[in-house]
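Structural features, examined
These are the residues of each chain, in order.
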Amino acid sequence: SHARSAWLESHLDGPVEMDDLSDGVAMLALQGPDALGLVELPELAPFGFTQADVGGVRAIVARTGYTGEPGVELMVSSERAGELWDALVAAGAAPAGLAARDTLRLEVCYPLYGNDLDERHTALESGLGWVCALDRKDFTGAGPLRAQREAGGYDRLVAFRVEGRGIAGQVLPVVPDGEVTSGTMSPSLKVGIGMAYVPDARAAEGTELEIDARGRPVA
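Just so we're clear, the structure is a prediction, and the values are computed from it rather than from any experiment.

All of the buried residues along helix α2 (residues 81-90) are A81, L84 and L88. Across the axial projection of α2, the buried residues extend over an arc of 65°, all falling on one side. Facing away from the buried side of α2 by more than 90 degrees, the exposed set consists of D86 and A90. Of the surrounding elements, those touching the buried residues of α2 are β1 (25-31), β2 (49-54), β3 (57-62) and β4 (71-77).

Now the structure itself:
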């Protein structure tokens, strides 16, 4: 958080001041097929956000959910997070940890910052070139991205499914070159799934990969 704040501070342009409020804000994610009707929420289009009272607590409500299910993120002052939690549970929400959310986002191939997205890989390598207006706008990092796109041959983030039994966990190597960034057991598919960076030549759909699970090969 502090490193990100310092980076943002170093890129401020014009008469702008930045105040990092992260330590005083908590976020609860209300996700699932029935989430939008569970409590009274403002009408919001996907990727929209607004301020509203939810369960008697003032919150920033955002529809930027990352689980593949309908839902909202609720950002409130830290001291009122418990009050909002109790209101959501009383309305019928079931508590779920990050591991549960992780299986949902992996099943729809959503990359997660800190796992699949990091400072070592570019937006092109992680499959997010579609959100970069490389042909229309200049922005921080546009030059290197354009050069990388022109040169080609860069690593790619791919989704994989484990053959047979087993789970390929995070940071395991892909033989002979590559790295698993996320891995879990899919509750829906009943097999191990994950994401990994591999060389461009091995990124085509249907390519067979071998993962070194601490000395045990996983196909």
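Following the structure, the description resumes.
Taken together, the buried positions of helix α3 (residues 98-107) are occupied by D102, T103, R105 and L106. Those residues of α3 that are buried lie in contact with β7 (179-185) and β8 (192-198). One or two residues past the end of α3 sits C109, with phi positive at roughly 60°.

We now examine the sheet that holds β2. Reading across from one edge, β1-β4-β3-β2 is the order of the four strands in this open sheet, with antiparallel pairing throughout. Edge positions in the sheet fall to β1 and β2, since each has one partner strand and no second. Going from strand to strand, the sheet's axes swing by 30° on average, the running direction of each strand aside. With seven bridges joining them, β1 and β4 adopt antiparallel strand pairing.

Once that is clear, we can look at the sheet that holds strand β6 (residues 174-175). The three strands are arranged β6-β9-β10 in an open sheet whose pairing can be described as antiparallel. The two strands at the open ends of the sheet, each matched to only one other strand, are β6 and β10 (216-218).

Parameters at a glance
- Residues numbered from 1 in each chain as written.
- Predicted model: local features only at pLDDT ≥ 70, side-chain atom pairs only at ≥ 80, totals over all residues.
- Heavy atoms only, no water.
- Buried < 20%, exposed > 50% of the residue type's maximum accessible area, 1.4 Å probe, protein only.
- Helix = DSSP H or I, 4+ residues; strand = E, 2+ residues; numbered from the N terminus.
- Arc of directions from axis to C-beta.
- Contact = heavy atoms within 4.5 Å.
- Pairing = 2+ DSSP bridges.
- Axes fitted to C-alpha atoms, helices over the stretch in contact; angles between N-to-C directions.

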